[in-house]
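Listed below are the residues making up each chain.
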Amino acid sequence: MSKLVTIFGGSGFVGRYVARRMAKDGWRVRVAVRRPNEAMFVRTYGVVGQVEPVFCNIRDDASVAEVLKGADAAVNCVGVLSERGKNGFDAVQAEAPGRIARACKDLGVARLVHVSAIGADAESDSDYARTKAEGEAALLEHMPEAMILRPSIIFGPEDEFFNRFAGMAKITPILPLVGAGTTFQPVYVDDVAQAAQLGAEGRAPGGIYELGGPDTATFRAWMTRMLGVVRRRKLLLGLPFWVAHLMAMGLDAVQFVSFGLIHNGTLTRDQVRNLARDNVADGSQPGFDALGIAPVAAETVLPDYLWVYRPSGQYSEIKDSARNLRA
């Protein structure tokens, strides 16, 4: 019988790419998610019955243990960019990785891969970065041989980075940037998935890996490149951090007074703190080179999915060709 991998958050942005890769390699894939009915699309990644979404509450010991029964490997792709209800930073990013690792150890799951983030720091004033580090520590306490991946900003067709700002560029003449001078090293989602696959299949050793793409540039420079791809001219307005803090305080206050009914998915105070720090691999940990992976450059992928934000959408290339013929 083929081997089984449990992927927590396997229908999410990174998780679906890991699931697709594992299925293609012949593994049975158990996709552990909060809402299995919304994850039925993962079944198409393999033959009938090979990939199955199942319910899991990562805040519950019994639920986590149930989806790990019989698994040969596990991959945790669950994380949050902003807190909502019970799924806060502490519950999802600090406590859940330790719970998963403990269950893996108790049930004899041989390998565990955990997707964290560059900038994970137990001493950080950012709750996001702090809980990422606490989650790593809790996981390593039970599974010291686990693989931990720390990617920079992840891009791909379903990303919330380039898609978000390209969407804004369609409706506003100005793109406000918090941390315009902050440096990013975007990494392609399938490169991260390949790294996770190598760890889950035992083809790469455990340890911490910092994953950054081949190009490093400031936030402003990346947005300039994005605008070039979508063929729009916009004013890039760098916002001072004190202004961003005031805006985030107001948005957080709205979420608080509405008892969470109005979710602040725009800009939180914690995100402002993160945007003040460069998001690049510093070379202190092994990276793609150690895994034998040549990371894909953003320029080769962005046009494949950002074309929908061009003024003429799918017809942009045709119009350009016609314009050249007239010339």
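Residues numbered from 1 in each chain as written. Predicted model: local features only at pLDDT ≥ 70, side-chain atom pairs only at ≥ 80, totals over all residues. Heavy atoms only, no water.

1. Some thoughts on helix α3 (residues 89–107)
Helical periodicity: at 3.6 residues per turn, an α-helix aligns residues three or four positions apart in one direction. With 19 residues, α3 extends 26 Å between its outermost C-alpha atoms, agreeing within 8% with the 27 Å of an ideal straight helix rising 1.5 Å per residue. A bend of about 45 degrees at Ala96 is the largest found in α3, and the proline Pro97 appears one to four places after it. Of the residues flanking the end of α3, it is Gly108, one or two places downstream, whose phi is positive at about 75 degrees. (Helix = DSSP H or I, 4+ residues; strand = E, 2+ residues; numbered from the N terminus. Expected span 1.5 Å × (residues − 1). Bend = angle between axes of the 7 residues up to and from the residue.)

2. With respect to the environment of Asn279
Residue placement: Asn279 occurs in the loop between α9 (269–275) and α10 (288–291). Here Asn279 falls in the buried class, since its relative accessible area comes to 16%. Separated by 95 residues in the primary sequence, Asn279 and Phe184 place their C-alpha atoms 4.9 Å from one another. One polar contact links the side chain of Asn279 to the main-chain amide nitrogen of Ile153, over a distance of 3.3 Å. (Buried < 20%, exposed > 50% of the residue type's maximum accessible area, 1.4 Å probe, protein only. Polar contact = N/O pair within 3.5 Å; in protein donor to acceptor, adjacent residues only side chain to side chain.)

3. Points about the packing of α3 against helix α4 (residues 127–142)
Close contact between α3 and α4 brings their axes to 8 Å; oriented N to C, the two are set at 10 degrees. It follows from the interaxial angle that α3 and α4 lie roughly parallel. Taken together, the residues of α4 that come into contact with α3 (itself represented by Phe89, Asp90, Gln93, Ala94, Pro97, Gly98, Ala101, Arg102 and Lys105) are Asp127, Tyr128, Arg130, Thr131, Lys132, Glu134, Gly135, Ala138, Leu139 and His142. Tallied by class, the residues present in the contact of α3 with α4 amount to seven nonpolar, five polar and seven charged. (Axes fitted to C-alpha atoms, helices over the stretch in contact; angles between N-to-C directions. Parallel < 35°, antiparallel > 145°, perpendicular 65-115°, else oblique. Contact = heavy atoms within 4.5 Å. Nonpolar A, V, L, I, M, F, W, Y, C, P; charged D, E, K, R; others polar.)

4. Remarks on the pairing of strand β1 (residues 4–8)
The side chains of a regular strand alternate between the sheet's two faces. Here β1 lies mainly inside the structure; five of its five residues are buried. Both faces of β1 are covered, namely the face carrying Leu4, Thr6 and Phe8 and the face carrying Val5 and Ile7. Taken together, the five bridges between β1 and strand β2 (residues 28–33) define a ladder with parallel strand orientation. When the bridges of β2 are listed, Ile7 appears paired with Val31. Note that the unit made of β1, helix α1 (residues 13–24) and β2 has a crossover that is right-handed. Alignment of β1 against strand β4 (residues 73–76), held across four bridges, turns out to be parallel. Its bridge partner lying in β4, Phe8 is registered against Asn76. (Pairing = 2+ DSSP bridges. Right-handed = clockwise from strand over helix to strand, strands pointing away.)

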